Amino acid sequence: PSPAPIFAARSTIERYGCESCHTPLGSKPAPGLDEVPPPLELAGEKLRESAIRAIFEKRTRARSYLGVRMPHFGAELGAVIARGLAAERGLPPGD
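### Re the overall build of the chain
Part 1: Each helix and strand counted, the chain has four helices and zero strands in total.
Part 2: The secondary structure elements of the chain, listed N-terminal to C-terminal, are α-α-α-α.
Part 3: Relative to the 2.2 N^0.38 estimate, which gives 12 Å for 95 residues, the radius of gyration of the chain is 13 Å and therefore close to what a compact globule would have.
Part 4: Burial analysis of the chain (95 residues in total) assigns 27% to the buried set.
Part 5: Taking the intrachain contacts of the chain between residues at least 6 apart in sequence as the baseline, contacts between residues at least 24 apart amount to 59%.
Part 6: In the structure as shown, the chain presents an accessible area of about 6000 Å², 57% of it carried by carbon and sulfur atoms.
Part 7: Side-chain charges of the chain comprise 13 positive and 11 negative groups, with the mean position of each set lying 4 Å from the other.

Written as structure tokens, this is what we have:
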């Protein structure tokens, strides 16, 4: 797969500080978070691209038991991240 979607997703994740809450695997949770959202490393493998997009577009909650909510970033940003996380795991685009 092309590295472009992965680069775009990782750049977006860094720019918006997603890993401030979605702590990378093996890292300590961010101070002040009572509940820790899931790490992003395996999201592309665990969730279909459409499920990741729904989290951004429809504000669907992947883990409804968590009290924390993700900020609303919009559908366009969600598509970039969803596509890149899936590509990172070698999955074809567009589940």
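That covers the picture; the talk isn't over yet.
### Quick word on the environment of E35
Part 1: With respect to the helices and strands, E35 occurs in the loop between α1 (4-16) and α2 (43-46).
Part 2: For E35 and Y65, which are 30 residues apart along the polypeptide, the C-alpha to C-alpha distance reads 10.0 Å.
Part 3: Beyond its immediate chain neighbours, meaning those up to four positions away, E35 contacts Y65, L66, G67 and V68.

Scoring rules and cut-offs
- Residues numbered from 1 in each chain as written.
- Predicted model: local features only at pLDDT ≥ 70, side-chain atom pairs only at ≥ 80, totals over all residues.
- Heavy atoms only, no water.
- Helix = DSSP H or I, 4+ residues; strand = E, 2+ residues; numbered from the N terminus.
- Rg over C-alpha atoms; globule rule 2.2 N^0.38 Å.
- Buried < 20%, exposed > 50% of the residue type's maximum accessible area, 1.4 Å probe, protein only.
- Contact = heavy atoms within 4.5 Å.
- Areas by Shrake-Rupley, 256 points an atom, 1.4 Å probe, with all protein chains shown as cover.
- Lys, Arg positive; Asp, Glu negative; His and termini not counted.
- Charge placed at Lys NZ, Arg CZ, Asp CG, Glu CD.

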